[in-house]
Amino acid sequence: VFVFSLGFESHFIIDEIMTYEPNFIIFLCANPGYTPEYEGRVKYEIKRIVDFCELPDNMYTLKDAPAGDAISAWQQLKDIENNGIKDAHIIHYAIGTKPHCLALSLNALVNDNLIVKYRIVKKSKNMDVKSNGEFWRYDITNLRVI
């Protein structure tokens, strides 16, 4: 099972799907996005992936969480595990918003059957992101050592 936190990386996602042919795919979408324009781009990227890879409807699902909310994104991942996918080998692709990548990483820390893959880009293009005025702070405590 592949879990992709979606950004604007459809070419990379298509390559991974075509190379490894997963049994099931979960797209974690930033919805609502930081801006309506970004939401539209993510929807376009999903359509591009589904069409190019010829994914049947029963091979993938979409999960939504606000772009800047790691807790909501993590909750979506918990819902996935509760729907019978818990025993599968799951690979999280942390390539979406930073809060979604944080959620994927934290989820992998507390589960044994998860792998997180990061994409290290060879070059990048700066992109202006407008602040919505919300700032999040996450304090992480390992309760196993207390």
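It should be noted that the structure appears before, not after, this text.
The structure displayed is predicted, hence computed values, not measured ones.

Conventions adopted
Residues numbered from 1 in each chain as written. Predicted model: local features only at pLDDT ≥ 70, side-chain atom pairs only at ≥ 80, totals over all residues. Heavy atoms only, no water. Core = buried A, V, L, I, M, F, W, Y, C linked by side-chain atoms within 4.5 Å. Buried < 20%, exposed > 50% of the residue type's maximum accessible area, 1.4 Å probe, protein only. Helix = DSSP H or I, 4+ residues; strand = E, 2+ residues; numbered from the N terminus. Contact = heavy atoms within 4.5 Å. Salt bridge = Lys/Arg side-chain N within 4 Å of Asp/Glu carboxyl O. Pairing = 2+ DSSP bridges. Axes fitted to C-alpha atoms, helices over the stretch in contact; angles between N-to-C directions. Phe/Tyr/Trp six-rings, centres within 6.5 Å; stacked < 30°, edge-to-face > 60°.

1. Here we look at the nonpolar core
Residues F4, I13, F27, I49 and L55 are the most contacted members of the largest nonpolar core, which totals 21 residues. Going through the elements one at a time, strand 1 (2-5), helix 1 (10-20), strand 2 (25-30), helix 2 (36-53) and strand 4 (90-94) are the ones with two or more residues in this core. Tallying contributions element by element places helix 2 first for this core, with five residues. Ignoring any residue separated from it by four or fewer positions in sequence, one finds I49 in contact with L6, S10, I13, I14, I17, F27 and L55. Counting residues in each nonpolar core, the second largest holds 14 residues, with A65, C101, A108 and L114 among its members.

2. Some remarks on the pattern of salt bridges
In the structure shown here, the tally under the stated rule is two salt bridges. For E16, the salt bridge goes to K117, with nearest N and O atoms at 3.4 Å. Taken together, the residues span a long stretch of sequence, with E16 in helix 1 and K117 in strand 5 (residues 114-118) at a distance of 101 residues. Judged by relative accessible area, K117 falls into the partly exposed class, the value being 31%.

3. Considerations on the sheet that holds strand 3 (residues 60-65)
Overall, parallel pairing links the five strands, which are arranged 3-2-1-4-5 in an open sheet. The open sheet has two edge strands with one neighbour each: strand 3 and strand 5. Recorded for the sheet is a direction-independent mean angle of 20° between the axes of neighbouring strands. Pairing of strand 1 with strand 4, which is carried by four bridges, proceeds in the parallel orientation. Counterpart to V3 in the pairing with strand 4 is H92. Those strands touched by helix 1 are strand 1, strand 2, strand 4 and strand 5, and its axis lies near 175° from that of strand 1. Relative to the sheet, helix 2 contacts strand 2 and strand 3, its axis offset from that of strand 2 by approximately 165°.

4. Considering the packing of aromatic side chains
Think of a pair of aromatic rings as described by two things: how far the centres are apart, and how the planes are tilted against each other in angle. Across all of its chains, the model carries six aromatic pairs by this definition. Summarising the aromatic geometry, the rings of F12 and Y93 are spaced 6.1 Å apart at their centres and angled 65° between planes, so their arrangement reads as edge-to-face. Taken as a pair, F12 in helix 1 and Y93 in strand 4 lie far apart in primary sequence, 81 residues in all. Here F12 falls in the buried class, since its relative accessible area comes to 15%. Looking at Y93, the relative accessible area reads 1%, which means it is buried. With a centroid separation of 6.0 Å and an interplanar angle of 65°, the aromatic rings of F27 and Y60 are classed as edge-to-face. Of the two residues, F27 sits in strand 2 while Y60 sits in strand 3, which places them 33 residues apart along the sequence.

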